[in-house]
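Descriptive structure summary
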Amino acid sequence: EILPELAHSWEQNDRLLRLYIRKGVKFHDGSFLTADDIVNCLKVLRYHPCHKEIWLPVKRIHSPAAYVVEVELIQQCSYILPLLSTIHSSIYKQSNEKLIGTGSFYLEENNEARTVLRAFEDYYRERALLDCIEFVQMPKGFEMVYRSSVKEEQSETFKVESDSGFGVVIMNAYRNSDIRKQEIRDFIHYIIGVNRDKIIQLDSKILANHNGVLGYHSVPYRVRKVPLPKVTNPLILQTTAYTEKLAVWLKGILEEAGLPIVLKEITFQESLQNGYTDHDTDLFIHGEVFEMNQSLSFFHFLFLNSSPLARNMEEKRDRVELLQLYANTPFDNWDKLNIQIEQSLLQSSLMIPLYYSKRSVLFSDDIMNITIKNFGYAD
């Protein structure tokens, strides 16, 4: 369900989305939000190299009158309103190289030791009940226990567990190497499939994923047995510090099955560029966390130019044609479309489900009514 925030209402047809902007909204520096601020911000997003492809259906963004923003479309685009509801489309302005928003808290302090958010007195909606939120950077190994202020530290605790993303193996099938061959990828898929249950031995916080990445929409699947194919050169498995344990395990089961594997380590920062950059590797392990709206998150996972699947999708199917399919499919029907695309990725062994990640948090027993929100955070 899409709810109004900075826009109090909107009108829409196949070629135009007209947004009516709230009056009296203030930025954290005290200045008033205008339609031009929104137009300028969305133009930056629209032309950003990471996002420009999914904004292709947009012809023009402009303000025909005060407190009105129009998004003109080249064609029907079922996802334009959901696109404006994502965190990427947050509205801000820049001043002295700082980002200034309109939310219920403003950034008072931010450094390596702590981040402080303070309630914004001129927030256009109900003022936050909390005056201040302070995030303190804790040392590694610090005991993660949430306690109330009314009980001693020795009080009883209980554990709350939640989902915290998933991990997949991505094949760089666009490369001019053996990984381009379907039989090689299918063999890797088969070996992972028969060994996946052992992954919990590496880390009790991860569970084998025999389904897919679409939560309860994905169904268990089995991979047929595949004979060991011939390879001309060892396959290069990309690893970073945070995937090292899993990468060593993956290298071990593939080599035991007869595939020669070489590890190549890159930095975490370099791994964030997997969608843009060829690190001269054949496959890698990727961790992902979907936002609240799974359909939209999967769409971004496929089409953002920074996505680890971006270059593979070019090989598998024309990305513009696939985008057209999403643009012409009503957003309420995306679950079915997502399942079809996921099945295609699994059948071609371009993406192999590996694990679900679990997050455990301890709470003192006098804290009540705990619910789990997106990203595994407790409310």
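Report on the accompanying structure.

Within helix α6 (residues 294-303), 9 of the 10 residues are buried, leaving the element largely enclosed by the surrounding structure. Among the residues of α6, Ser 295, Leu 296, Ser 297, Phe 298, Phe 299, His 300, Phe 301, Leu 302 and Phe 303 are the ones counted as buried. For α6, the N-terminal cap is Asn 293; the gap from its side-chain oxygen to the backbone nitrogen of Ser 295 is 3.2 Å.

The next thing to look at is helix α1 (residues 35-46). Over its 12 residues, α1 extends 16 Å from the first C-alpha to the last, a length consistent with the 16 Å expected when each residue adds 1.5 Å. All of the buried residues in α1 are Ala 35, Asp 37, Ile 38, Val 39, Cys 41, Leu 42, Leu 45 and Arg 46. If you follow the buried residues of α1, they end up packed against β2 (16-21), β3 (58-65), β4 (68-73) and α2 (80-84).

With a phi close to 65 degrees, Glu 97 is a non-glycine residue in the positive phi region. Relative to the helices and strands, Glu 97 resides in the loop between β5 (93-95) and β6 (98-100). Positioned with a positive phi, Asp 280 is a non-glycine residue whose angle comes to about 55 degrees. In this structure, Asp 280 sits in the loop between α5 (268-271) and β15 (283-288).

A separate point is the packing of helix α3 (residues 182-195) against helix α4 (residues 244-256). Two numbers describe a pair of packed helices, the interaxial angle and the distance between the axes. Two numbers describe how α3 lies on α4: the axes approach to 10 Å, and their chain directions differ by 110 degrees. With respect to α4, the element α3 is oriented roughly perpendicular. Residues Ile 188, Ile 191, Ile 192 and Asn 195 of α3 form the contact with α4, whose participating residues are Trp 249, Leu 250, Ile 253 and Leu 254. For the contact of α3 with α4, a count of residues per class yields 7 nonpolar, 1 polar and no charged.

This part takes up the packing of aromatic side chains. Within the structure shown, the criterion is met by 15 aromatic pairs. Judged by centre distance (5.0 Å) and plane angle (80 degrees), the rings of Phe 166 and Phe 290 are edge-to-face. Here the residue Phe 166 occupies a position in strand β11 (residues 157-171), and Phe 290 occupies one in the loop between β15 and α6, the gap between them amounting to 124 residues. Ring geometry for Phe 299 versus Trp 334: centroids 4.9 Å apart, planes at 35 degrees, classification tilted. With Phe 299 in helix α6 and Trp 334 in helix α9 (residues 334-347), this residue pair connects regions lying 35 residues apart in the sequence. Three or more aromatic residues joined by ring pairs form one cluster here, namely Tyr 79, Phe 299, Phe 303, Tyr 326, Phe 331 and Trp 334. Above the plane of the ring of Tyr 174 lies Arg 311, whose end atom (NZ or CZ) is 4.3 Å from the centre.

This paragraph deals with the sheet that holds strand β1 (residues 7-12). Strand pairing in a sheet takes place through backbone hydrogen bonds and is either antiparallel or parallel in direction. One open sheet holds the 4 strands; their spatial order is β1-β2-β4-β3, and the pairing between them is antiparallel. Two strands close off the open sheet at either side, each with one partner strand: β1 and β3. When strand polarity is set aside, the average angle formed by the axes of neighbouring strands in this sheet is 20 degrees. Relative to β4, β3 runs antiparallel, the two being bridged by 5 bridges. Residue pairing in the sheet places His 62 in a bridge with Glu 70 of β4.

For the rest of this paragraph, the subject is the pattern of salt bridges. Under the defined criterion, the tally for this structure stands at 15 salt bridges. Note that Lys 93 is salt-bridged to Asp 29, the shortest N-O span being 3.3 Å. You can see Lys 93 sitting in strand β5 and its partner Asp 29 sitting in the loop between β2 and α1, a full 64 residues away along the chain. For Asp 29, a relative accessible area of 41% corresponds to the partly exposed category. Two residues, Arg 114 and Glu 134, come together in a salt bridge whose shortest N-O distance is 3.0 Å. Separated by 20 residues along the polypeptide, Arg 114 in strand β8 (residues 114-119) and Glu 134 in strand β9 (residues 132-136) bring together distant segments of the chain. We classify Glu 134 as partly exposed; its relative accessible area is 43%. Several salt bridges share partner residues, and in doing so they unite Arg 175, Asp 278, Asp 280 and Asp 282 into one network.

The rules we used
- Residues numbered from 1 in each chain as written.
- Predicted model: local features only at pLDDT ≥ 70, side-chain atom pairs only at ≥ 80, totals over all residues.
- Heavy atoms only, no water.
- Buried < 20%, exposed > 50% of the residue type's maximum accessible area, 1.4 Å probe, protein only.
- Helix = DSSP H or I, 4+ residues; strand = E, 2+ residues; numbered from the N terminus.
- Polar contact = N/O pair within 3.5 Å; in protein donor to acceptor, adjacent residues only side chain to side chain.
- Expected span 1.5 Å × (residues − 1).
- Contact = heavy atoms within 4.5 Å.
- Axes fitted to C-alpha atoms, helices over the stretch in contact; angles between N-to-C directions.
- Parallel < 35°, antiparallel > 145°, perpendicular 65-115°, else oblique.
- Nonpolar A, V, L, I, M, F, W, Y, C, P; charged D, E, K, R; others polar.
- Phe/Tyr/Trp six-rings, centres within 6.5 Å; stacked < 30°, edge-to-face > 60°.
- Lys NZ or Arg CZ within 6 Å of the ring centre and 35° of its normal.
- Pairing = 2+ DSSP bridges.
- Salt bridge = Lys/Arg side-chain N within 4 Å of Asp/Glu carboxyl O.

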